[in-house]
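Reading the structure
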Protein chains: 6
Amino acid sequence: MLALRGSPDSPDLPGFPAGVYYRGEVTIAVCPGSFDPLTLGHLDIVRRARSLFDEVILGVARNSSKSALLSAEQRVEIARAALAVSPGLEDVRVEIVPGLLVDFCRDAGAAAVVKGLRGGADFDAELPMALMNRHLVGVETVFVPGDPALAHVASSLVKDVARFGGPVDDLVPAGVGDLVRQALADRAARADGSAQAPPTTEGTGR
Amino acid sequence: MLALRGSPDSPDLPGFPAGVYYRGEVTIAVCPGSFDPLTLGHLDIVRRARSLFDEVILGVARNSSKSALLSAEQRVEIARAALAVSPGLEDVRVEIVPGLLVDFCRDAGAAAVVKGLRGGADFDAELPMALMNRHLVGVETVFVPGDPALAHVASSLVKDVARFGGPVDDLVPAGVGDLVRQALADRAARADGSAQAPPTTEGTGR
Amino acid sequence: MLALRGSPDSPDLPGFPAGVYYRGEVTIAVCPGSFDPLTLGHLDIVRRARSLFDEVILGVARNSSKSALLSAEQRVEIARAALAVSPGLEDVRVEIVPGLLVDFCRDAGAAAVVKGLRGGADFDAELPMALMNRHLVGVETVFVPGDPALAHVASSLVKDVARFGGPVDDLVPAGVGDLVRQALADRAARADGSAQAPPTTEGTGR
Amino acid sequence: MLALRGSPDSPDLPGFPAGVYYRGEVTIAVCPGSFDPLTLGHLDIVRRARSLFDEVILGVARNSSKSALLSAEQRVEIARAALAVSPGLEDVRVEIVPGLLVDFCRDAGAAAVVKGLRGGADFDAELPMALMNRHLVGVETVFVPGDPALAHVASSLVKDVARFGGPVDDLVPAGVGDLVRQALADRAARADGSAQAPPTTEGTGR
Amino acid sequence: MLALRGSPDSPDLPGFPAGVYYRGEVTIAVCPGSFDPLTLGHLDIVRRARSLFDEVILGVARNSSKSALLSAEQRVEIARAALAVSPGLEDVRVEIVPGLLVDFCRDAGAAAVVKGLRGGADFDAELPMALMNRHLVGVETVFVPGDPALAHVASSLVKDVARFGGPVDDLVPAGVGDLVRQALADRAARADGSAQAPPTTEGTGR
Amino acid sequence: MLALRGSPDSPDLPGFPAGVYYRGEVTIAVCPGSFDPLTLGHLDIVRRARSLFDEVILGVARNSSKSALLSAEQRVEIARAALAVSPGLEDVRVEIVPGLLVDFCRDAGAAAVVKGLRGGADFDAELPMALMNRHLVGVETVFVPGDPALAHVASSLVKDVARFGGPVDDLVPAGVGDLVRQALADRAARADGSAQAPPTTEGTGR
């Protein structure tokens, strides 16, 4: 269904890459992330992406690092359940990104990666990756300011707060808080079995 | 041709505004600016916008400030001429933004404002405006990294360099350099008639 | 009522200035600004300051620059009226800062200057002033994050939007919108009398 | 001794949270951190906090991460010893923060968290945590510029320099340098017993 | 005395410009600025530049803007007098930059422009100019952190403070404070003769 | 061959350290890093350093952290091979930095550390280290903007892309891509032998 359109080589524009990317009649965007777990902040960005592009895919990174609390499959399940009950977002697909994000985008025919942005330092950190992805397959990364009222909602803070029994249910979709608490309890039980892993308070205090 | 779609009110998302915006089957984006004059950096952003959205409008701010070198009409003319010979950008419309950008966007049915971004400090400066525009009519501002190879190309620097006879023809579309030099000469002649206006070297040195 | 307390000279702390500042039993803070006009964003910061310090003074800079829309007296009047009806803020004093902020702080016995902060670039811009004020009289500047939900509320944007008939009444205290519109009309009338001053659209679009 | 004061619910201020926090006649502030080890930079911030608030608590995070060089108890001991001989800071309490910082603040009746700030990127990194803490219990985080003359003094750099026998005694309170060197030697001895752990030079060079 | 050296065209380095610049056996650096007036902060940067390069030129921008308090000739004179009595800086030349900084650098055979840097936002603001200057003649801009203990010393703040009779003599070389006060008095007298120019307090308070 | 020159103690400059550093007739600069592996971005910075200073040393940090893909010896070898065939850079020395960078600089008689800079957040992160190194031995850190066209080239991204078979040969010197792929394969084989280490997609997507 994709047709080659736009972005022809333009020799008179110094620095502008030759037409490296396909753009279809239908513009597809990917919202990538670990989603460990999905938060209301993520849903906010997905909603904005969906208001701008014809199709949106939420791409869950199969994250190998040990720090991931939930399995990739759990994270996918959570996202699917949350989107299914979010008006206007029912048609957002959730898929695992098995390797490079750019390979995923190319396979999906996606023209854009959409990222939420909190502040200027965020942008500086994201820029090299965005330029690398553009260099590799020509996909554009577009940055959208998140809802400032959700500026405190980050997956890492959700886990930090939940670890100490703090309230997180107003930060994540319904039911996700329980999954996070269960996963934290499982992990603590495993840690108890081997060595003692005292809790951290880093996340909300330094 | 526009149909109301998406963004329904979602009461379970704290901080997410009610469905304030229209999104058509055709997604329209506006690239706003003074374009005094249009540079290759602007064209780079327009081209990226065009690869993401169905229609793109270059919105020239009718800038009242005395610092504008070229008239709004000249700036429109330059942009139209440049786009007409840019493969893939021939259908980008150029229009004057007479008042508030959000009024212009609403009238045009535009869902997005597209801005190039150089660095984190840029983002911090743009954020309040982007949030105000979202607050007023729900239009989203999306930030796209410009081509880093054009990071030195800014309208203000073009004028600074041209004022002292420096080369700018590789920074702007063909023919624009001459228009800038002519306008600078006209302004200098007017200034000579009244008071002495010694040159500045601010732009490229401080 | 002030007593000298704290901040004795500490020779073992390199770089720590000798006891330059007075701190009373009552800690007084100043929220400085142009307040042209006072917005809900300003009130948010004042409220946070009031929750932290015993007394808070809103210091209105007698701003000489022509760009001030409202007179210093009008700006004081607006602030007083707004605070009088804000529960918990009735005892915040409003005063004109006639000269250097540090002279005002010293005369008022204020130990702290309180500023709202939007992003990192803001901080970088404010830091030299904060350090200069500390150098001059030892007053500390403390930065408080504003309510993110008000991140779009800035005096300059309020004026830009109002200039084109946009809605601003939900950004400022009751009645202030009318005063701003009247002042803009007066200014436009004066401009009409002399030369033509076409409107700008800079503020919300660039 | 605490009385409920201030911060009543203000329905006319959009985005301003209802009166979630208690403020006593005595304003208490917490300076949180790992203090691994306490540096002169930390003392500088504590001193500024003490000049602004009636009571100051230095809150030592019981940090579970393996990267902590000193035990929480050692870190508390160091801080107490240093404060005891710092004129004007003798009444600063030192306590362990066992869990969430906000729980600690609530239990202590603290209205403010005080953090030193180096640059804008620091602020961007701290902002989500500050907003989360405000969201959870209404505590305010106030940012105070540290003494620029101590801008190079950070716990991590102190440990990096000491690891290679560099001088750190002018960066920390008297006696702390020896404790750090001893702890580094102990750790190296333990590492020698199991596997070879070659030194890093990351901290001061990249 | 200059010999062509280094920077040959390197086709295997994408993006690296062909050998556009001359580097002599003697490396010359320019410290550009308005120096309105020269401060101890400027001297700090010049001293660091002098410790790195064989020759240093302080380049005074002939600034046409009305906001310059001192004439270019005065600013040159102040700089020369200050450098003449600064051990190790006696051989730093002071010259007026009449036009583009890059033309000045080329004429002087300078390979580097040296700028002090306060924070990240500063860098973001300077970067386009640095890249433009590199683009035009290949001159490199190197950024050197200023002495943090002088972070509050800026020409604009010096003038703001002096305008209200605040102390500035510890911020500028000996004798410069008197020149600034005299110039401010002259300007005030001129303003008195035409219209009333009420004072501003912007600089140290906002 | 070094002679003491410059930087004498200047008592009239508050905050300027006494003459702590030696500067020879020949100015030597160090470009430090992990170089795991060397990229075209590193070569770009080395080339700029070489155009400014008489001698340049590429200092390879003997990095103990397990995250280093290549051994220090491999990294040195790669750098030497690349520099040997880079016109104008043949005389750049490559050495291992065994401990503190400042000790290395002092032993080498280097007056400057040269670092590439991408954005403002980078600078904020580097500043404390630069000031610590200045504090310890007086060495200056100078920041040079890298070629923006190489802004996407970072060692960490090179490894991330290569891990999934993405093309990296245009990001590193000839032959380096093969070495990286081999090292990644070796590491994966070792991991396979013990536990399963699923791949990460973090680097280019998050």
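Computed from a predicted structure; not experimentally measured.

In this section: the overall build of chain A. In terms of helices and strands, chain A carries six helices and five strands. For chain A, the sequential pattern of α-helices and β-strands runs β-α-β-α-β-α-β-α-β-α-α. Per-residue burial for chain A yields a buried fraction of 60% across its 206 residues. Restricting the contact set of chain A to residue pairs at least 6 apart, pairs at least 24 apart contribute 73%. Accessible surface computed for chain A: about 7800 Å², of which carbon and sulfur atoms make up 55%.

Below, the discussion takes up unusual backbone geometry. The amide bond that connects B:Asp36 to the next residue, B:Pro37, takes the cis arrangement and shows omega of 5°. Mapped onto the secondary structure, B:Pro37 falls in the loop between strand E1 (28–33) and helix H1 (40–52). Positive phi outside glycine occurs at D:Phe35, with the angle close to 50°. Within the secondary structure, D:Phe35 is located in the loop between strand E1 (28–33) and helix H1 (40–52).

With that settled, the discussion passes to the pattern of salt bridges. For the structure shown, the criterion picks out 78 salt bridges over all chains. Between B:Lys115 and B:Glu126 there is a salt bridge; the shortest N-O distance is 3.1 Å. On the criterion of sequence distance, the pair formed by B:Lys115 in strand E4 (residues 112–117) and B:Glu126 in helix H4 (residues 120–137) is long-range, its members being 11 residues apart. Residue B:Lys115 is classed as buried on the basis of its relative accessible area of 9%. D:Glu95 is the salt-bridge partner of D:Arg93, the closest N and O atoms lying 3.0 Å from each other. For D:Arg93, a relative accessible area of 37% puts it in the partly exposed group. Exposure remark for D:Glu95: the relative accessible area of 26% places this residue in the partly exposed category. Salt bridges linked by common partners bring A:Asp44, A:Arg48, B:Arg134 and B:Glu140 together as one network.

Our focus in this paragraph is the side chain of C:Thr141. Relative to the helices and strands, C:Thr141 resides in strand E5 (residues 140–145). Here C:Thr141 is in contact with C:Val113, C:Lys115, C:Ala130, D:Phe143, D:Val144 and D:Pro145, once residues within four sequence places are set aside.

So, about the environment of A:Pro148. Relative to the helices and strands, A:Pro148 is located in the loop between strand E5 (140–145) and helix H5 (155–163). Exposure remark for A:Pro148: the relative accessible area of 17% places this residue in the buried category. Separated by 31 residues in sequence, A:Pro148 and A:Leu117 have C-alpha atoms that sit 10.0 Å apart. When residues no more than four places from it in sequence are discounted, the contact partners of A:Pro148 are B:Leu131, B:Arg134, C:Pro148 and C:Ala149.

All names here are of chain B. Among the six residues of E1, six are classified as buried, and the element is accordingly described as predominantly covered. Burial along E1 is two-sided: Ile28, Val30 and Pro32 and Ala29, Cys31 and Gly33, pointing in opposite directions, are all buried. For the segment spanning E1, H1 and strand E2 (residues 55–61), crossover handedness is right-handed. Two elements, E1 and E4, share two bridges in a ladder whose sense is parallel. From the neighbouring strand, Ala29 faces E4, where its bridge partner is Ala112.

Residue and element names in this part refer to chain E. Those residues of helix H3 (residues 101–108) not exposed but buried are Leu101, Val102, Phe104 and Cys105. Buried residues of H3, seen end-on, are gathered within an arc of 155° and therefore sit on one face of the element. In the core, the buried residues of H3 are packed alongside strand E1 (28–33), strand E2 (55–61), strand E3 (93–97), strand E4 (112–117) and helix H4 (120–137). Two residues or fewer after H3 comes Gly109, characterised by a positive phi angle close to 70°.

Moving on, we come to the pairing of strand E1 (residues 28–33) of chain A. Note: E1(A) against strand E2 (residues 55–61) of chain A, six bridges, orientation parallel. Within the sheet, the bridge partner assigned to A:Ala29 lies in E2(A) and is A:Val56.

It is worth spelling out the environment of F:Phe35 at this point. Residues and elements named next belong to chain F. For Phe35, a relative accessible area of 5% corresponds to the buried category. Each C-alpha atom, one on Phe35 and one on Gly175, is 15 Å from the other, the two residues being 140 residues apart in sequence. In contact with Phe35, not counting residues within four places along its chain, are His42, Leu58, Gly59, Val60 and Arg75.

Below, the discussion takes up the packing of aromatic side chains. All names here are of chain A. Following the criterion strictly, the structure yields nine aromatic pairs over all chains and no others. With a centroid separation of 5.3 Å and 75° between ring planes, the pair formed by Phe123 and Phe143 is classed as edge-to-face. Here Phe143 lies in strand E5 and Phe123 lies in helix H4 (residues 120–137), a separation of 20 residues in the sequence. A single burial state applies to Phe123 and to Phe143, both of which are buried.

The subject of this paragraph is the side chain of A:Asp124. By the secondary structure assignment, A:Asp124 is in helix H4. Of the side chains bearing the opposite charge, F:Arg118 lies closest to the buried A:Asp124, which forms no salt bridge; the N-O distance is 9.9 Å. Each residue touching A:Asp124, except ones within four places of it in the same chain, is listed here: B:Gly119, B:Gly120, E:Asp124, F:Gly119, F:Gly120 and F:Ala121.

Turning next to the environment of C:Gly177. All names here are of chain C. For Gly177, the position within the fold is in helix H6 (residues 176–194). For the pair Gly177 and Ile45, spaced 132 residues apart in sequence, the C-alpha to C-alpha distance is 20 Å. Look past the residues within four positions of Gly177 in its chain and what remains in contact with it is Val168, Asp169 and Val172.

Time to look at the packing of helix H4 (residues 120–137) of chain C against helix H4 (residues 120–137) of chain D. Remark: H4(C) packs on H4(D), axes separated minimally by 7 Å, with the N-to-C direction vectors making an angle of 140°. By the angle between their axes, H4(C) is oblique relative to H4(D). The element H4(C) and its partner H4(D) pack so that their crossing is right-handed. Across from C:Gly120, C:Phe123 and C:Asp124 in H4(C), the residues of H4(D) making contact are D:Gly120, D:Phe123 and D:Asp124. Grouping the constituent residues of the contact of H4(C) with H4(D) by class yields two nonpolar, two polar and two charged.

Now for the confidence of the model for chain A. Detailed conclusions should not be drawn from predicted coordinates in areas where pLDDT is low. Residues and elements named next belong to chain A. For chain A, per-residue confidence averages 85 on the pLDDT scale, and 81% of positions sit at 70 or higher. Here residues 196–203 scores under 50 on pLDDT; set against residues more than four positions off or in separate chains, the count is 28 contacts. Here the predicted complex scores 0.88 on pTM and 0.84 on ipTM.

Cut-offs used in this document
Residues numbered from 1 in each chain as written. Chains lettered and ligands numbered in written order. Predicted model: local features only at pLDDT ≥ 70, side-chain atom pairs only at ≥ 80, totals over all residues. Heavy atoms only, no water. Helix = DSSP H or I, 4+ residues; strand = E, 2+ residues; numbered from the N terminus. Buried < 20%, exposed > 50% of the residue type's maximum accessible area, 1.4 Å probe, protein only. Contact = heavy atoms within 4.5 Å. Areas by Shrake-Rupley, 256 points an atom, 1.4 Å probe, with all protein chains shown as cover. Salt bridge = Lys/Arg side-chain N within 4 Å of Asp/Glu carboxyl O. Right-handed = clockwise from strand over helix to strand, strands pointing away. Pairing = 2+ DSSP bridges. Arc of directions from axis to C-beta. Phe/Tyr/Trp six-rings, centres within 6.5 Å; stacked < 30°, edge-to-face > 60°. Lys, Arg positive; Asp, Glu negative; His and termini not counted. Axes fitted to C-alpha atoms, helices over the stretch in contact; angles between N-to-C directions. Parallel < 35°, antiparallel > 145°, perpendicular 65-115°, else oblique. Left-handed = near helix turned anticlockwise from the far one by under 90°. Nonpolar A, V, L, I, M, F, W, Y, C, P; charged D, E, K, R; others polar. pLDDT = per-residue confidence, 0-100.

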